[in-house]
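In case you want the letters, here they are:
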Amino acid sequence: MRVLDCNKMAGGALVRYPGRTFMMLLATAIGVAAVLVLTSLGEAARRFVTDEFQSLGTHLVIVIPGRSETSGANPAMMIAETPRDLTLDDARAVLRSPHVARLAPVVVGAASVSRGSLEREISVIGTTPEFRKIREWRMRLGEFLPNVTMERGAPLCVIGAKVRTEIFGTDPPLGQWLRVGDRRCRVSGVLAPEGTSVMIDVNEVVIIPVIDAQALFNSPGLFRIVLQATSREAMPLAQADAKRIIAERHYGEEDVTVITQDAVLSTFDGIFGTLTMALGGIAAISLVVAGVLIMNVMLVAVSQRTAEVGLLKALGATRRQIIALFLTEAFFLAALGALVGLLLGYGIVAAMRVFYDTLDFVPPLWAAAGALLVAMACGIFFGILPARRAADLDPIQALMGR
Amino acid sequence: MIQLQELCRDFDVGEEVVHALDHVSLKLPAGEYVSIMGPSGSGKSTLLNILGLLDTPTSGSYTLDGVNTSQMDDNELASIRQNKIGFVFQSFHLVPRLSALENVELPMMLSGNDPKLRRERGHAALERVGLGHRDSHRPSQLSGGERQRVAIARAIVMEPKLLLADEPTGNLDSASGREVVKIMEALNAQGLTLLVVTHDPNIGERARRQLKFKDGRLEHDSGVPA
Ligand SMILES: Nc1ncnc2c1ncn2[C@@H]1O[C@H](COP(=O)(O)OP(=O)(O)OP(=O)(O)O)[C@@H](O)[C@H]1O
Ligand SMILES: [Mg+2]
């Protein structure tokens, strides 16, 4: 029997029972579409998070006070150990590492910000102009704390786009006085609006010199030291330097955590990658369910067409030919269903993009290819039993329709 | 050329054993026209199924064209069914979703013949049964007699040597039945060995050689005509 004829016979049978064919197509299609939709959800979440981390800047190394590693230490010790403050002196010392290109200390708090009778509680960041360069923030107006360093403060501040409209409305903000907590400062610049970043909502922030922030919050401790390594390769070196230098200054105690952007990125990448795979796997189960359905329907098809099978045998069909016919039919059901599912899945994902445009939904290629393969494999695998049952029919009984 | 020797076919029905064929010995030269008659349950269909290699005897031997069929494996049996034997059934057994021509082409399709050749020979076979104008009709659009003629066309499209018909007129009115028999007789006249199982004595008597079965035994053989 020629392949084309086999396909024609199998296709003819599918057309002959449209209701059955439609149900099978639907079952497989839903399975495939589910794989596409779920994996594109996971993939969108992964991309969202990694993009966010990438938007923090390049070659970032971040120093956080306190230890996060519980490296087999005695739990009692962990509690007893109060982390030493991270200070500006620590920051200055780390800046001496040859692998550090830029460095910015960061203090974070909240304060009431007011102008005239307008008053709002707003996040306040204390830092240096280096921070803007590391974070690659753009200015809408003015400058980012000119002439401010780790040592030198100034009665200046930079405000986010939303703070500007809320406090100044349409008035020109540059050079205007603003009260931040118990201090007065002039607005030296306005940040360009940006999407929400992982750590800070750039639009709703007031930035003041780091020493002024320390005074404002009455604490010498830094929230973070953010540094930029000289190159991607230098990141682990800068990380090691920061650890070593701070440990030396803290009497040999490693009481800070130093993370690299790469490490965080790859952690999140891994978490979300696994999540996406898991979602895809769960959805793939529905493909197996569809496969079982195909098997049942093919068994029904075999019993509906016993007389036909008997006839084919009487006409000289071999076992292999009968198996090929029914397997082809099952495969067609699965493959067609998978194609419909791809269309359906891509359609749903496109609709999701329209209705929820913050996340960029795109079904991953591996999921589409995988779903297609699994669907077709299920079709064949679950087609084997019915096909063999047909091939094993006794022709005489089959011809009598039994 | 068919030779049966002490052929038995037993069926186990619960405790009992039914001797559907009981020590049947028979020689049928090529080109014969044989009718097989006998009461219901006498083993006529069982014999035809064994002759058509759809069933195997419990004991005894069946030699077809000098080859003992008990030696053959499944694929060889299928190949002989395909090339040497044509079947005509009481209930036609046409595939409803295929046209008359496609039904006739079916055996050639299974044997992997080229579609063009298939169409030619399929059409020629339909013409031989007087249905050259019915190529594209579905079985449901044909009368009973026409359906059986399509089935005959299908049985002969591979140019077999042996045509086995199990009550081919059983579902037909007498006029269409006669027509079907005439067509088969014409094929026999061209050299095809023809075996017809029938309950209708008018049809049975037309055969040159008549076999009568009872309880699985060959009770009467009119013998090879001179
Ligand atoms: N698969 C089977 N299992 C058990 N018994 C069977 C089977 N096939 C046939 N028989 C028995 O074998 C005997 C012969 O059956 P067969 O079908 O050959 O009769 P027949 O002469 O064709 O009868 P009819 O004229 O009614 O078609 C019957 O008694 C029948 O019950
Ligand atoms: Mg019978």
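Chemist: Explain the overall build of chain B here, please?
Modeler: Counting its secondary structure elements, chain B contains seven helices and ten strands. What you see for chain B is a C-alpha radius of gyration of 17 Å, in line with the 17 Å of a compact globule of 226 residues. Judged by the C-alpha coordinates and their principal axes, chain B covers about 50 × 40 × 40 Å. Across the 226 residues in chain B, those meeting the buried criterion constitute 54%. Once local pairs closer than 6 in sequence are excluded, the contacts in chain B between residues at least 24 apart make up 71%. For chain B, the accessible surface area stands at approximately 9800 Å², while carbon and sulfur atoms represent 46% of it.

Chemist: What's the story with the layout of surface pockets in this structure? I'm lost.
Modeler: In this approach a probe as big as a water molecule rolls over the atoms, and the regions it shows empty are the leftover space. Estimated volume of the largest pocket: approximately 790 Å³. Around the largest pocket, the lining is made up of 34 residues, and of these Met400 of chain A together with Ser45, Thr46, Asn49 and Asp166 of chain B lie nearest the centre. Where the lining of the largest pocket is concerned, the elements lending two or more residues are helix H13 (395–399) of chain A together with strand E1 (2–13), strand E2 (16–28), helix H1 (44–51), strand E6 (85–88) and strand E7 (162–166) of chain B.

Chemist: How should the sheet that holds strand E3 (residues 33–37) of chain B be read in this particular structure?
Modeler: Two modes of strand pairing occur in sheets, parallel and antiparallel, and in both the strands are linked by backbone hydrogen bonds. All names here are of chain B. Strand order across the open sheet formed by six strands is E6-E7-E8-E3-E9-E10, with mixed pairing between neighbours. The open sheet has two edge strands with one neighbour each: E6 and strand E10 (217–221). Between one strand axis and the next, the sheet turns through 20 degrees on average, direction left out of account. Pairing between E3 and strand E9 (residues 209–214): four bridges, direction parallel. Bridge pairing in E9 links Ser35 to Gln210. With respect to the sheet, helix H5 (residues 144–156) is in contact with E6 and E7, its orientation differing from that of E6 by roughly 170 degrees.

Chemist: Which parts of the structure should I look at to understand the domain arrangement of chain A?
Modeler: Where interface size is quoted, it is often the accessible area lost as the parts come together. Split by domain assignment, chain A resolves into domain 1 (3–51 + 267–399) and domain 2 (85–254). Each of domain 1 of chain A and domain 2 of chain A has a C-alpha centre, and these two points are 56 Å apart.

Chemist: It is not clear to me how the site of ligand 1 should be interpreted in this structure. Could you clarify?
Modeler: Around ligand 1 there are 15 residues in total, and Ser40, Gly41, Lys44, Ser45 and Thr46 of chain B lie nearest to it. Near ligand 1, residues from chains A and B are present, making the site a shared one. The contact in question runs from an oxygen atom of ligand 1 to an N or O atom on the backbone of Ser42 of chain B, over 3.2 Å. Residue Lys44 of chain B places a side-chain N or O atom 2.7 Å away from an oxygen atom belonging to ligand 1. At the level of elements, E1, E2 and H1 of chain B are the ones that each hand at least two residues to the shell around ligand 1.

Chemist: Looking at this structure, I do not really get the nonpolar core. What am I missing?
Modeler: Proteins that are soluble and globular tend to have nonpolar side chains buried together. Counting 61 residues, the largest nonpolar core has Phe326 of chain A together with Leu4, Ile36, Leu51, Tyr62, Leu106 and Leu195 of chain B as its most contacted members. It is helix H11 (residues 319–355) of chain A that contributes the most residues to this core, six residues altogether. One finds Ala91, Val107, Ala242 and Ile245 of chain A within the second-largest nonpolar core, a separate group that totals 42 residues.

Chemist: Got a minute to help me understand helix H10 (residues 306–314) of chain A in this structure?
Modeler: Residues and elements named next belong to chain A. Counting buried residues along H10, eight of its nine residues qualify, which places the element largely inside the surrounding structure. Within H10, burial applies to Thr306, Glu308, Val309, Gly310, Leu311, Leu312, Lys313 and Ala314. One or two steps after H10, the chain reaches Gly316, where phi turns positive at roughly 100 degrees.

Chemist: Looking at this structure, I do not really get the side chain of Thr198 of chain B. What am I missing?
Modeler: Residue and element names in this part refer to chain B. Tracing the backbone shows Thr198 in the loop between strand E8 (193–197) and helix H7 (201–204). Within polar-contact distance, the side chain of Thr198 engages the backbone nitrogen of Asp200 at 2.9 Å. Sequence-distant contacts of Thr198, that is, excluding residues within four places in its chain, are made with Ile36, Met37, Glu167, Thr169, Ile203 and Gly204.

Chemist: Help me out: how do you make sense of unusual backbone geometry in this one?
Modeler: Phi is mostly negative for residues that are not glycine, and the peptide bonds are mostly trans. All names here are of chain B. A positive phi angle is found at His93, which is not glycine, with a value near 55 degrees. Using a relative accessible area of 13% as the deciding quantity, one classes His93 as buried. Despite not being glycine, Glu159 has its phi angle at roughly 55 degrees, a positive value. Position of Glu159 among the secondary structure elements: in the loop between H5 and E7. Classification of Glu159 by relative accessible area gives exposed; the value is 54%.

Chemist: Would you explain the confidence of the model for chain A in this entry?
Modeler: Detailed conclusions should not be drawn from predicted coordinates in areas where pLDDT is low. Residues of chain A with pLDDT of at least 70 account for 95%, and the chain-wide mean is 87. Scored below 50 in pLDDT, residues 70–81 of chain A makes four contacts in the model with residues more than four places away or belonging to other chains.

Chemist: Got a minute to help me understand the packing of helix H9 (residues 261–304) of chain A against helix H12 (residues 365–391) of chain A in this structure?
Modeler: Each packed pair of helices is defined by two parameters, the angle between the axes and the distance between the axes. All names here are of chain A. Packing of H9 against H12 leaves a shortest axis separation of 8 Å and a crossing angle of 25 degrees. The orientation of H9 relative to H12 falls into the category roughly parallel. The element H9 and its partner H12 pack so that their crossing is right-handed. Contact with H9, carried on its side by Thr276, Met277, Leu287, Val288, Gly291, Val292, Ile294, Met295, Met298, Leu299 and Val302, involves Trp366, Ala371, Val374, Ala375, Cys378, Gly379, Phe382, Leu385, Pro386, Arg389 and Ala390 of H12 and no other residues of that element. The residue inventory of the contact of H9 with H12, partitioned by class, reads 18 nonpolar, three polar and one charged.

The rules behind the values
Residues numbered from 1 in each chain as written. Chains lettered and ligands numbered in written order. Predicted model: local features only at pLDDT ≥ 70, side-chain atom pairs only at ≥ 80, totals over all residues. Heavy atoms only, no water. Helix = DSSP H or I, 4+ residues; strand = E, 2+ residues; numbered from the N terminus. Rg over C-alpha atoms; globule rule 2.2 N^0.38 Å. Buried < 20%, exposed > 50% of the residue type's maximum accessible area, 1.4 Å probe, protein only. Contact = heavy atoms within 4.5 Å. Areas by Shrake-Rupley, 256 points an atom, 1.4 Å probe, with all protein chains shown as cover. 1 Å grid on protein atoms, 1.4 Å probe; cavity = no way out; pocket = protein on both sides within 12 Å on 5 of 7 lines; lining within 4 Å. Points joined across faces, edges and corners; volume = space filled by probe spheres on them. Pairing = 2+ DSSP bridges. Axes fitted to C-alpha atoms, helices over the stretch in contact; angles between N-to-C directions. Domains from an automatic or database assignment. Near = heavy atom within 4 Å. Polar contact = N/O pair within 3.5 Å; in protein donor to acceptor, adjacent residues only side chain to side chain. Core = buried A, V, L, I, M, F, W, Y, C linked by side-chain atoms within 4.5 Å. pLDDT = per-residue confidence, 0-100. Parallel < 35°, antiparallel > 145°, perpendicular 65-115°, else oblique. Left-handed = near helix turned anticlockwise from the far one by under 90°. Nonpolar A, V, L, I, M, F, W, Y, C, P; charged D, E, K, R; others polar.

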